[in-house]
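Each chain is listed here by its residues.
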Amino acid sequence: MTEIALNNLGKSFGPFTALSAMNLTIADGEFVALLGPSGCGKSTTMNMIAGMLQPSEGEILFDGRNVVNLPMARRGVGFVFQNYAIFTHMSVRENLAYGLRAQGVARAERERRTAAIAELLQLTPLLDRPSAGLSVNILQRIAIGRSAVVEPAIFLLDEPLSNVDAAFRAVMRGELKALQRQFRQTMVYVTHDQLEAMTMADRIAVMDQGKLLQTGTPLDIYNNPQNTFVARFIGAPGMNILPGTLAQSDRGMVVDLGSMGRAAVPAVAARPGPVLFGFRPEQVTPDSHGALTLPVSFVERIGARSILHLGAGAAQAKAVLDNDTTPPKPGETLRFSVDPQAIRLFDPATGNAIGGST
Ligand code: ATP
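Parameters at a glance
The written sequence of each chain sets the order in which its residues are numbered from 1. Local features in this predicted model are restricted to residues whose pLDDT is 70 or higher, and side-chain atom pairs enter the listing and the counts only when it is 80 or higher, whereas totals over whole chains, interfaces and linings include all residues. Processing note: side-chain calculations cover all non-hydrogen atoms of the structure and skip hydrogens and water entirely. Helix and strand assignments follow DSSP, with helices taken as H or I runs no shorter than four residues and strands as E runs no shorter than two, numbered in order from the N terminus. Burial classes follow relative accessibility: with a 1.4 Å probe on protein chains only, a residue under 20% of its type's maximum area counts as buried, one over 50% as exposed, and anything between as partly exposed. Only heavy atoms enter the contact rule, under which two residues are in contact if any of them lie within 4.5 Å. Pairs of N or O atoms are called polar contacts if they sit within 3.5 Å, as long as, within protein, a hydrogen donor faces a hydrogen acceptor (for residues adjacent in sequence, only side-chain-to-side-chain pairs). The domain boundaries here were taken from an automatic or database domain assignment. A quick way to say it: buried area is the sum, across both parts, of accessible area lost when two parts are put together, with a 1.4 Å probe. We define a salt bridge as a side-chain nitrogen of Lys or Arg found within 4 Å of a carboxyl oxygen belonging to Asp or Glu. When residues are grouped by polarity, Ala, Val, Leu, Ile, Met, Phe, Trp, Tyr, Cys and Pro land in nonpolar, Asp, Glu, Lys and Arg in charged, and all others, Gly among them, in polar. Paired strands, as defined in this entry, are two strands with at least two bridges between them according to DSSP. Note on geometry: axes are C-alpha line fits, over the in-contact stretch for helices, and angles between N-to-C directions span 0 to 180 degrees.

> Summarise the environment of N23; cite the residues concerned and give the values.
Take N23: it is sitting in strand β2 (residues 16-26). Take N23: its relative accessible area is 46%, and that puts it in the partly exposed class. Ignoring any residue separated from it by four or fewer positions in sequence, one finds N23 in contact with L6, N7, N8 and L212. A distance of 2.7 Å separates the side chain of N23 from the backbone nitrogen of N8, its partner in a polar contact.

> I'd like a description of the domain arrangement of the chain, backed by residues and values.
Looking at the assigned domains, one finds that the chain contains domain 1 (4-230) and domain 2 (240-346). Every contact between the two is made by eight residues of domain 1 and, on the other side, six residues of domain 2. Approximately 590 Å² of surface area, both sides summed, lies buried where domain 1 meets domain 2, with 54% of it carried by carbon and sulfur atoms. The largest share of the area that domain 1 buries against domain 2 comes from Y222, P225 and T228, three residues that together contribute 72% of it. The interface formed by domain 1 and domain 2 includes zero salt bridges. Here domain 1 and domain 2 share four residue pairs in polar contact (both at pLDDT 80 or more) between them. Considering every element that reaches the side of domain 1 that touches domain 2, the biggest residue donor is helix α7 (residues 218-223), with three residues. Of the residues that constitute the side of domain 1 that touches domain 2, the class distribution is three nonpolar, five polar and no charged.

> Kindly report on the sheet that holds strand β10 (residues 211-216), identifying the contributing residues and their values.
The six strands are arranged β6-β7-β8-β3-β9-β10 in an open sheet whose pairing can be described as mixed. For this open sheet the edge positions go to β6 (77-80) and β10, each flanked by a neighbour on one side alone. Shown here is a sheet whose adjacent strand axes are inclined to one another by a mean of 15°, direction ignored. Where strand β3 (residues 31-35) and strand β9 (residues 203-208) come together, four bridges link them in parallel fashion. Within the sheet, the bridge partner assigned to L35 lies in β9 and is V206. Of the strands in this sheet, β3, β6, β7 (154-158), β8 (186-191) and β9 are in contact with helix α1 (residues 42-50), which crosses β7 at around 150°. In the packing of helix α4 (residues 136-148) onto the sheet, contacts are made with β6 and β7, and the angle to β6 comes to roughly 175°.

Next up, the structure:
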C-alpha cells in the first residue's frame, strides 16, 4: 500500500489553468474524496495520479518516489470510471478474472480471488452469466470488482456511482467502504456528491475552480468550513449564510441581522462591522424565547424531517426540523435560536472564516 503526495501539482491546457498549486498528501491506506462541482479539476487531478495526463508543474510521489515520468502500467493503480468498461462478450467471471489472467496469476489462485470478490460484491449468482444484457448497476459493480480483484496498491475511482440509480448508489456506498476496509488500499474517490464524500471518506479535499480549498475529516469540514464556498457546498441543504453586522453590546458580542434579530456570538478576534453570519439548517431550534425570527415561505416534508424555507431576498435561510413537532405553516413566523457555539462568521470581502475566540 502506498502514500501519495501531490506537491504543487498544476495542469494547464493552453492558456486555461485546470489545476493550480495542489498540495495534498494521502496516507497509506487512507480513503480521500476529491469533492467539488463540475469542472473544478477533480478528474484532471485523478488522471495525473493515474498517469494518463502529464502535469504542467509539480510532483506526484508514491512512497516518496516521483512517478511523473512513470507510465500508467507501472504505477500499480486500479482505476474505475463513471462509464463502466466491461467486455460484453465475456461472462461475469471472465470479466472479473481479466486482470488476474493478464498478470499471469495461476489458475487456482485466480479462481479463489475471483470467487472472493464476487462474494463481496454480491455477484456470485451471476458469475456464469454473459455480461451483455446485465443492468447498468450490475455492470458498474463488475467494473469495480475487476479493478479491485488485482488488489492495486492505489485504487482510483472517478464518479463510479453517477450513472447508477439512487437506491443502488446507497448500497454501493456501503460496499465500497467495506471493500476498502478489507484491502486497505490507498483510495482516491472523485465525486461532486457531498453525501458520497461525507459517508465514505476518511478525509475530504474540497475543490473549486482548479484550487484545493480545504482538506479535513467529514465532520471537521461540516463543522468548521474555512470559507463560504465549502460552507454552502457541504450539507444538504448547505449552511445558511446571511449578511449582518458584528457589534459589541453590554452583554458581549452580537450580530445584528436587521429585522431578523440580534444573535449573541462567542467573542471573536474581529472588528465590529459587516460580517457573514453562518449556521447550519440542522442547528435551528424553534424557541418561543429565541432572539431570531423569520417568516416561513414554504415547507418541504421529507419523511422523518421537514425543510422549512424561511425569509426572502438576502435574509433567506433553511431550517431542518424533526417531524415529532408540527412544523409551522407558510405565512407563519418561526421564532428560533441557534447555539452560539454553532455560529460561524465569515469575512464578506474574502469569504474566509473569521476564526478563533479572543
Ligand atoms: P467533471 O465532474 O465535470 O468531470 P471535474 O472537476 O472532473 O469535472 P475536470 O474534468 O478536471 O473537472 O476539468 C477541469 C477543467 O479543465 C474544465 O474546465 C475542463 O473543461 C478543462 N479541461 C479538461 N480537460 C481538458 C482538455 N483536454 N483540454 C482543455 N480543457 C480541458
